[in-house]
Amino acid sequence: MRKLILSAALVAASVFGMTAVQAAEPVAGKEYIELSNPVPVSVPGKIEVVELFWYGCPHCYHFEPTINPWVEKLPKDVNFKRVPAMFGGPWDAHGQMFLTLEAMGVEHKVHAAVFDAIQNQHKRLTDKNDMAEFLATQGVDKDKFLATFDSFAIKGQVNQAKELAKKYEITGVPSMVVNGKYRFDLGTAGGPEGVLNVADQLIDKERAAK
């Protein structure tokens, strides 16, 4: 009996030890990819964390309950931003909607509702008028949304988002990029919690390098 207890203890210690090592030391080429051409951050002097996402992606939707509390607790020297991935078709429509809402200063108020509408209510929201009608039910001014959606400024932001995705060399979502240098996702990092662990470690790495 004593041998069984000792064996169980050793196994538990071994598993814990492996977990601790993995948590402390994400490996380049395994848990994350180091970009060969670093991308400048949007706020100089701060450590940037970017999440590339799509409203039509179920993995992005299910990642929300994990990443949102983490974002709320980020220290002041970290700047978090979402960038819509746009690979054509509904990706572009949803990405332009996100950028429009962000420009209007209401994205944080309706982000969850838009996700829910597309993922659970099966609304397409790929036509700007359908978007405006739905968003009006969430308190967003319909006419202002349509005017902003078609504005020159938003078209410029759409092009910038597409260029960022190319520079980050993403092939799917959700993907994360820390300080324009390190890219990782649910697959490489080992799931939602793994993504946040890798992000935390890389944030510490960049902070220490300053």
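Below you will find a few notes about this structure. Small disclaimer: the values here were computed from a predicted structure and weren't measured.

**Here's the deal with the packing of helix α2 (residues 58-72) against helix α4 (residues 107-119)**
- Running from N to C, α2 and α4 point in directions that differ by 140 degrees, and their axes come no closer than 11 Å. In this view, α2 runs oblique relative to α4, as classed from their interaxial angle. α4 is crossed by α2, and the crossing has left-handed handedness. Facing α2, whose interface residues are Pro58, Cys60, Tyr61 and Glu64, α4 presents His111, Phe115, Asp116 and Gln119.

**Overview of the packing of aromatic side chains**
- Taken as a whole and judged by the stated rule, the model has ten aromatic pairs.
- Taking the centre distance of 5.7 Å and the plane angle of 50 degrees together, the rings of Tyr61 and Phe115 count as tilted. Of this pair, Tyr61 sits in helix α2 while Phe115 is found in helix α4, placing the two residues 54 residues apart along the sequence.
- Overall, the relative accessible area of 22% leaves Tyr61 in the partly exposed class.
- Relative to Trp91, the ring of Phe87 lies with its centre 5.0 Å away and its plane at 65 degrees, an arrangement referred to as edge-to-face.
- Ring pairing ties together the aromatic residues Phe53, Tyr55, Tyr61, Phe98 and Phe115, which thus form one cluster.

**Things to note about the pairing of strand β3 (residues 78-84)**
- Judged by how many residues are buried, β3 sits mostly within the fold: six of seven residues are covered.
- Here strand β2 (residues 47-53) pairs with β3 via seven bridges, running parallel. Bridge pairing in β3 places Ile47 opposite Val78.
- For the segment spanning β2, α2 and β3, crossover handedness is right-handed.

**Let's talk about α2**
- For α2, which comprises 15 residues, the first-to-last C-alpha distance of 22 Å matches the rise-based estimate of 21 Å (1.5 Å per residue) to within 8%.
- Along its length, α2 shows its largest kink, about 50 degrees, at Glu64, and proline Pro65 lies within four residues downstream of that point.
- Inspection of α2 places Cys60, Phe63, Glu64, Thr66, Ile67 and Trp70 among the buried residues, and these make up the whole buried set.

**What to know about the sheet that holds strand β1 (residues 33-34)**
- An order of β1-β5-β4-β2-β3 is seen for the five strands of this open sheet, with the pairing classed as mixed. Bordering the open sheet on either side are β1 and β3, each of which pairs with just one other strand.
- Sheet topology note: the β2/strand β4 (residues 175-178) ladder contains four bridges and is antiparallel. Paired with Val50 across the two strands is Val177, which belongs to β4.
- Running at roughly 135 degrees to β3, helix α3 (residues 90-104) makes contact with β2 and β3 of the sheet.
- Strands β2, β3, β4 and β5 (182-185) of the sheet are contacted by helix α7 (residues 152-168), whose axis makes an angle of about 105 degrees with β2.

About the criteria used
Residues numbered from 1 in each chain as written. Predicted model: local features only at pLDDT ≥ 70, side-chain atom pairs only at ≥ 80, totals over all residues. Heavy atoms only, no water. Axes fitted to C-alpha atoms, helices over the stretch in contact; angles between N-to-C directions. Helix = DSSP H or I, 4+ residues; strand = E, 2+ residues; numbered from the N terminus. Parallel < 35°, antiparallel > 145°, perpendicular 65-115°, else oblique. Left-handed = near helix turned anticlockwise from the far one by under 90°. Contact = heavy atoms within 4.5 Å. Phe/Tyr/Trp six-rings, centres within 6.5 Å; stacked < 30°, edge-to-face > 60°. Buried < 20%, exposed > 50% of the residue type's maximum accessible area, 1.4 Å probe, protein only. Pairing = 2+ DSSP bridges. Right-handed = clockwise from strand over helix to strand, strands pointing away. Expected span 1.5 Å × (residues − 1). Bend = angle between axes of the 7 residues up to and from the residue.

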